[in-house]
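Each chain is listed here by its residues.
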Amino acid sequence: MSETAASTDRTLRTGPGRLLVAVYGLFALAATARGGYQLATKFGEAPLAYTLSLLAGVVYLVAAVGLARAGRTSRVVALVSCGVELVGVLVVGATSMVLPGVFPDDTVWSNFGGGYLFVPLVLPVVGLWWILRVHRMERGRPDTP
Amino acid sequence: MVDWLTMTIQVASLAMAGWCLVSTFRDQPMVVPHLVGMGLLWLLVLGQVGAVIVTVADGDRPAETAMFVSYLATVALLPPACAVWGFMERSRWGPAVIAFACLVLPVLFVRLEQLWNPVV
């Protein structure tokens, strides 16, 4: 059992997962720092946008840690946080286009992440693909090696 | 900030990114020369950070100091953090991590220059 667990631990954060963790880590830093800074200095201007930036940062952080730890539980954590991100970037992106008044200042997810080369839009899709792929690879393997 | 040093860092960083992308597509893992390259890049970055600290100590500081310092800390830590994370991976995805870091670094320096010298 421990052997299977060990190989699971390795798969999610190795290969493409290694790059994913790096990208997620940087985005966690960027969004958290941005949201935290804006909340601290100019909360009154756009509280919703800044809170959302901070929330996005926390979700990225959870996803990065989930991918990096890569146990069975943290895989579920990573899966959920990637899902939350995808919904977040789609909802906030659409809202910022249709009702620009809701967000007076930009967030990481505004205009579908256009301010960040659309990485916030692509990242959760790649994340979900990778987690499901690892999950399927494991299903395909016999239980006793 | 020393302008020519920023330029040098950006060019060196992009060259490093190109080299690592080639390694990724050739299916090569990270090797010691990659690590040496990252070390040299890091030295350049630390040189710039040192120059900035000296200037700030003289009393010449950017308007948004907190933001500037957080960007400065990020550029100082990004090369070693990504080099270690990439070197741990013994496949083509090691250089891919470095390539990503080296593509982000020039952008961070553009932001640093903007904060240092805001164009009104």
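Since we're looking at a predicted model, the values are computed, not measured.

(A) Structural context of the overall build of chain A. A tally of regular secondary structure across chain A gives five helices and zero strands. Going residue by residue from the N terminus, the α and β elements of chain A occur as α-α-α-α-α. Within chain A, residue pairs in contact and separated by at least 24 positions form 68% of the contacts whose partners lie at least 6 positions apart. On chain A, roughly 7,400 Å² of surface is accessible, and the fraction owed to carbon and sulfur atoms is 70%.

(B) Geometry of the overall build of chain B. Regarding its fold elements, chain B presents four helices and zero strands. Starting at the N terminus and ending at the C terminus, chain B contains elements arranged as α-α-α-α. At 15 Å, chain B has a C-alpha radius of gyration in line with the 14 Å of a compact globule built from 120 residues. Judged by the C-alpha coordinates and their principal axes, chain B covers about 50 × 25 × 20 Å. The 120 residues of chain B split such that 43% are buried. For chain B, the share of sequence-separated contacts (at least 6 apart) that also reach a separation of at least 24 residues comes to 85%. About 6,200 Å² of surface is accessible on chain B, with carbon and sulfur atoms providing 73% of the total. Of the charged side chains in chain B, 5 are positive and 7 negative, and the gap between their average positions amounts to 13 Å.

(C) Structural view of the interface of chain A and chain B. Residue-level contacts link twelve residues of chain A with 14 residues of chain B. The interface formed by chain A and chain B holds one salt bridge in total. As a salt-bridge pair, Arg 18 of chain A and Glu 89 of chain B come within 3.1 Å of each other at their nearest N and O atoms. At the junction of chain A with chain B, the criterion picks out four residue pairs in polar contact (both at pLDDT 80 or more). Here the side of chain A that touches chain B is composed, by residue class, of eight nonpolar, two polar and two charged.

(D) Spotlight on the nonpolar core. Counting residues in hydrophobic clusters, the biggest one holds 68 residues, and the most contacted among them are Tyr 24, Tyr 60 and Leu 67 of chain A together with Ile 98 of chain B. Ranked by residue count, the leading element in this core is helix α4 (residues 93-116) of chain B, at 13 residues. Apart from the residues within four sequence positions on either side, Tyr 24 of chain A is in contact with Tyr 60, Ala 63, Ala 64, Leu 67, Cys 82, Glu 85, Leu 123, Pro 124 and Gly 127 of chain A.

(E) View of the packing of aromatic side chains. Evaluated as defined, the whole model comprises six aromatic pairs over all chains. Members of the aromatic cluster, joined through ring pairs, are Tyr 24, Phe 27, Tyr 60, Trp 109 and Tyr 116 of chain A. Across the ring face of Trp 85 of chain B, the terminal group of Arg 18 of chain A is positioned such that the distance to the ring centre comes to 4.3 Å. The aromatic ring of Phe 87 of chain B is capped on one face by Arg 90 of chain B, whose charged end is 5.0 Å from the ring centroid.

(F) A look at a nonpolar patch on the surface. A surface patch of nonpolar side chains, about 550 Å² in accessible area, is lined by Val 32, Val 36, Leu 40, Trp 42, Leu 43 and Leu 46 of chain B. With respect to the helices and strands, the residue Leu 46 of chain B is situated in helix α2 (residues 32-57).

(G) The environment of Leu 26 of chain A, seen in detail. Within the fold, Leu 26 of chain A resides in helix α2 (residues 16-42). The exposure class assigned to Leu 26 of chain A is buried, which follows from its relative accessible area of 16%. Not counting chain neighbours up to four residues away, the residues in contact with Leu 26 of chain A comprise Leu 78, Phe 100 and Val 104 of chain B.

(H) Representation of α4 of chain B within the structure. Between its terminal C-alpha atoms α4 of chain B stretches 35 Å, which fits the 34 Å expected from 24 residues at 1.5 Å a residue. Counting buried positions over the 24 residues of α4 of chain B gives 18, a clear majority of the element.

(I) Up close: the confidence of the model for chain A. Residue and element names in this part refer to chain A. For chain A, the average pLDDT comes to 82, and 89% of its residues sit at 70 or higher. Across chain A, element-level confidence peaks in helix α4 (residues 72-98) with a mean pLDDT of 89 and bottoms out in helix α1 (residues 2-13) with 56. When the criterion is pLDDT under 50, residues 1-6 qualifies, and its contacts beyond four places in sequence or with other chains add up to two contacts.

(J) Just unusual backbone geometry, in detail. Residues and elements named next belong to chain A. Phi at Asn 111 takes a positive value of approximately 50°, unusual for a residue other than glycine. Here Asn 111 shows up in the loop between α4 and α5 (119-140). The exposure class of Asn 111 is partly exposed, given its relative accessible area of 31%. With a phi angle near 55°, Leu 117 is a residue other than glycine that sits in the positive phi range. Among the secondary structure elements, Leu 117 is positioned in the loop between α4 and α5.

Quick notes on the rules
- Numbering of residues starts from 1 in each chain and follows the order in which that chain's sequence is written.
- Chains carry letters from A onward and ligands carry numbers from 1 onward, assigned in written order.
- A pLDDT threshold of at least 70 governs which residues receive local features in this predicted model, and a stricter bar of 80 or more applies before side-chain atom pairs are shown or counted, although totals over entire chains, interfaces and linings include all residues.
- Each side-chain value is worked out from all heavy atoms of the structure, with water and hydrogens disregarded.
- Helix and strand definitions follow DSSP, with helices as H or I runs of at least four residues and strands as E runs of at least two, each counted in order from the N terminus.
- For this analysis, residues touch if any pair of their heavy atoms sits within 4.5 Å.
- A 1.4 Å probe and the Shrake-Rupley method give the accessible areas. Residues count as covered only by the protein chains that appear here.
- Here the globule rule reads 2.2 Å times residues to the power 0.38, and the radius of gyration is calculated from C-alpha atoms.
- Think of it in three bands: residues with accessible area under 20% of the maximum for their type are buried, residues over 50% are exposed, and the middle band is partly exposed, with areas taken using a 1.4 Å probe on protein chains only.
- Think of it this way: Lys and Arg go in the positive column, Asp and Glu in the negative one, and His and the chain ends go nowhere.
- Think of each charge as sitting on NZ of Lys, CZ of Arg, CG of Asp or CD of Glu.
- Note on definitions: salt bridges are taken to be side-chain nitrogens of Lys or Arg within 4 Å of carboxyl oxygens of Asp or Glu.
- Two N or O atoms count as a polar contact when they lie within 3.5 Å, although within protein this holds only if one can serve as hydrogen donor and the other as acceptor, and sequence-adjacent residues are included solely when both atoms are side-chain atoms.
- When residues are grouped by polarity, Ala, Val, Leu, Ile, Met, Phe, Trp, Tyr, Cys and Pro land in nonpolar, Asp, Glu, Lys and Arg in charged, and all others, Gly among them, in polar.
- Remark: nonpolar core denotes a set of buried residues (Ala, Val, Leu, Ile, Met, Phe, Trp, Tyr, Cys) joined through side-chain atoms within 4.5 Å.
- Only Phe, Tyr and Trp rings are paired, with Trp represented by its six-membered ring, and only when their centres lie within 6.5 Å; those with planes under 30 degrees apart are stacked, over 60 edge-to-face, the remainder tilted.
- A ring is scored as having a charge over it whenever the NZ atom of a lysine or the CZ atom of an arginine sits within 6 Å of its centre and within 35 degrees of its normal.
- Excluding any residue in a salt bridge, patches collect residues exceeding 30% relative accessible area, merging like charges within 9 Å and nonpolar Val, Leu, Ile, Met, Phe, Trp and Tyr side chains within 5 Å.
- Here the expected span of a helix is defined as 1.5 Å times the quantity of residues minus one.
- How sure the predictor is of each residue is captured by pLDDT, a score from 0 to 100.

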